[in-house]
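Structural characterization, general
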Amino acid sequence: MSPEKLPESLRIAYSPCPNDTFVFDAWAHGRVPGAPALDVTFADIDITNGMAERGEFDVLKVSYAVLPYVLDEYALLPCGGALGRGCGPLVLTREPADGESGRDAGPGSLTGRTVAVPSERSTAYLLFRLWAADLVPGGVGEIVVMPFHEIMPAVRDGKVDAGLVIHEARFTYQNYGLHKLADLGEYWELTTGLPIPLGAIIARRSLGHERLEGLAAAARTSVRAAWDDPEASRPYVLAHAQEMDPAVADQHIGLYVNEFTADLGEDGYAAVRGLLTRAAAEGLVPPLGPDALNFP
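Below: a short report on this structure. (Residues numbered from 1 in each chain as written. Predicted model: local features only at pLDDT ≥ 70, side-chain atom pairs only at ≥ 80, totals over all residues. Heavy atoms only, no water.)

**Some thoughts on the overall build of the protein chain**
In terms of regular secondary structure, the protein chain is built from 12 helices and 11 strands. Taken over C-alpha atoms, the radius of gyration comes to 20 Å for the protein chain, in line with the 19 Å a tight globule of 296 residues would show. Restricting to contacts in the protein chain with at least 6 residues of sequence separation, those with at least 24 account for 79%. When the accessible surface of the protein chain is totalled, it reaches about 12700 Å², and 49% of it is carbon and sulfur. Averaging the coordinates of the 23 positive side-chain charges in the protein chain and doing the same for the 40 negative ones gives two points 2 Å apart. (Helix = DSSP H or I, 4+ residues; strand = E, 2+ residues; numbered from the N terminus. Rg over C-alpha atoms; globule rule 2.2 N^0.38 Å. Contact = heavy atoms within 4.5 Å. Areas by Shrake-Rupley, 256 points an atom, 1.4 Å probe, with all protein chains shown as cover. Lys, Arg positive; Asp, Glu negative; His and termini not counted. Charge placed at Lys NZ, Arg CZ, Asp CG, Glu CD.)

Here it is, written out as structure tokens:
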């Protein structure tokens, strides 16, 4: 199905992060022939997750962790999203991971402890709970949801025992005197061999079979246009990158826009299904129906 079948305008919400603006630049600026015009709202993924759960917008970028709550109304597009390797969340503590403190500083040290997380509707949170179910005897204690930027200071100041962090915190946690207890991306990749499912593109099922196929074609065309002419997307990317250094924006795009963005493929679907099936088995999300991930 080609984009030529989609003349109408669609309301879409995605983040201002470089990977999303890179992916959608050509489409948002009318450079995907025949694709519908996009009425774009920028919002962080925690906000778009809530929008999806309330049934707002035609197309959204959401966390894969929210899919079990929204797949009755929305379909997962097989392209446009983010899966990656070497980009997993970290569990941070004040204690060094090598036991220098004289007490157990391994995963068992979190038994019954308080852990700060930025969201309970995220791949990071699901990975953390799966890791803890495997490696923390008796499980962790209280989970405290707090704004992302408050987590590392809270761990440093002893307000919580550990913190779950993502993205740029991988490179800045040592500035807070913190230590890496676990890399959950490494855990996931070593135990599954699969990429980490991060952000998904979903669209209303009520748009219908043909229009959903056309949306997937438009998204894929937009991704490939960005790869073919990266400089064309640069003004849009940098305008929304929140003063991010252009080199850092390029690294961000290189990490999160990859072969899975053009097509989830067998490994991509296996990663999504594996994460959500394991999370459902732990009671973290509702179970998926057998055809829930089918497109369209």
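**Some thoughts on the environment of Leu 293**
Along the polypeptide, Leu 293 turns up in the segment after helix H12 (265-281). Residue classification places Leu 293 among the buried residues on the basis of a relative accessible area of 6%. In this structure the C-alpha to C-alpha distance between Leu 293 and Ala 75, which are 218 residues apart in sequence, comes to 7.3 Å. Filtering out sequence-adjacent residues up to four positions away, Leu 293 remains in contact with Leu 67, Leu 71, Leu 76, Tyr 269, Val 272, Arg 273 and Leu 288. (Buried < 20%, exposed > 50% of the residue type's maximum accessible area, 1.4 Å probe, protein only.)

**Things to note about the packing of helix H1 (residues 18-28) against helix H8 (residues 209-228)**
Their axes nearest at 7 Å, the elements H1 and H8 cross at an angle of 110°. As far as their axial angle goes, H8 and H1 are roughly perpendicular. Listed contacts from H8 to Phe 22, Val 23, Phe 24, Asp 25, Ala 26 and Trp 27 of H1 are Leu 215, Ala 218, Ala 219, Ser 222, Val 223, Ala 225, Ala 226 and Trp 227. Classifying every residue of the contact of H1 with H8 by side-chain character gives 12 nonpolar, 1 polar and 1 charged. (Axes fitted to C-alpha atoms, helices over the stretch in contact; angles between N-to-C directions. Parallel < 35°, antiparallel > 145°, perpendicular 65-115°, else oblique. Nonpolar A, V, L, I, M, F, W, Y, C, P; charged D, E, K, R; others polar.)

**Overview of the sheet that holds strand E9 (residues 162-165)**
If you walk across this open sheet you meet the 5 strands as E8-E7-E9-E6-E10, and the pairing is mixed. Where the open sheet ends on each side, the last strands, each with one partner, are strand E8 (143-145) and strand E10 (179-183). Each strand axis lies, on average, 30° off the axis of its neighbour in the sheet, ignoring direction. Pairing analysis gives 4 bridges linking strand E6 (residues 90-93) to E9, with the strands arranged antiparallel. Bridged to Leu 92 within E9 is Gly 163. Running at roughly 150° to E9, helix H5 (residues 148-156) makes contact with E6, strand E7 (115-117) and E9 of the sheet. Each of E6, E9 and E10 touches helix H7 (residues 184-192); the most contacted strand, E10, lies at about 25° to it. (Pairing = 2+ DSSP bridges.)

**Thoughts on helix H10 (residues 246-256)**
Along H10, the residues classified as buried are Ala 249, His 252, Ile 253 and Tyr 256. In a view along the axis of H10, the buried residues occupy a sector of 95°, so they form one face of it. Exposed residues pointing more than 90 degrees away from the buried face of H10 are listed as Gln 251 and Gly 254. Summarising the contacts, the buried residues of H10 are in contact with H1, strand E5 (82-84), strand E11 (196-204), helix H9 (230-239) and helix H11 (259-262). Its side-chain oxygen placed 2.8 Å from the backbone nitrogen of Ala 247, Asp 245 serves as the N-cap of H10. (Arc of directions from axis to C-beta. Polar contact = N/O pair within 3.5 Å; in protein donor to acceptor, adjacent residues only side chain to side chain.)

**Description of the packing of H1 against H9**
The contact between H1 and H9 brings their axes to 9 Å, and the two run at 115°. Taken as axis vectors, H1 and H9 run roughly perpendicular relative to one another. The handedness of the crossing between H1 and H9 is right-handed. Contacts from Pro 18, Thr 21, Phe 22, Asp 25 and Ala 28 of H1 reach H9 at Pro 230, Ala 232, Ser 233, Tyr 236 and Val 237. Its residues placed into classes, the contact of H1 with H9 shows 7 nonpolar, 2 polar and 1 charged. (Left-handed = near helix turned anticlockwise from the far one by under 90°.)

**Points about the side chain of Lys 61**
Within the secondary structure, Lys 61 sits in strand E3 (residues 59-63). In this structure Lys 61 comes out as buried when scored by relative accessible area, which is 6%. Within the structure, the side chain of Lys 61 is placed 2.5 Å from the side chain of Asp 20, a separation counted as a polar contact. Apart from the residues lying within four places of it in its own chain, the contact partners of Lys 61 are Ala 13, Tyr 14, Asn 19, Asp 20, Ile 45, Thr 48, Gly 199, Ala 200 and Ile 201.

**Some details on the pairing of E9**
Of the two faces of E9, the one lined by Ala 162 and Leu 164 and the one lined by Gly 163 and Val 165 are each fully buried. One ladder, built from 2 bridges, connects E7 with E9; its direction is parallel. Counterpart to Ala 116 in the pairing with E9 is Gly 163.

**Structural notes on the state of the cysteines**
Counting across every chain of the model gives 0 disulfides. Here Cys 17 stays free of any disulfide, with the sulfur of Cys 87 as its closest cysteine sulfur at 13 Å. You can call Cys 17 partly exposed: its relative accessible area is 29%. Unpaired in this structure, Cys 79 has its nearest cysteine sulfur neighbour in Cys 87, at a distance of 19 Å. With a relative accessible area of 2%, Cys 79 lands in the buried category. (Disulfide = S-S within 2.5 Å.)

Worth remembering: the numbers are spatial, not functional.
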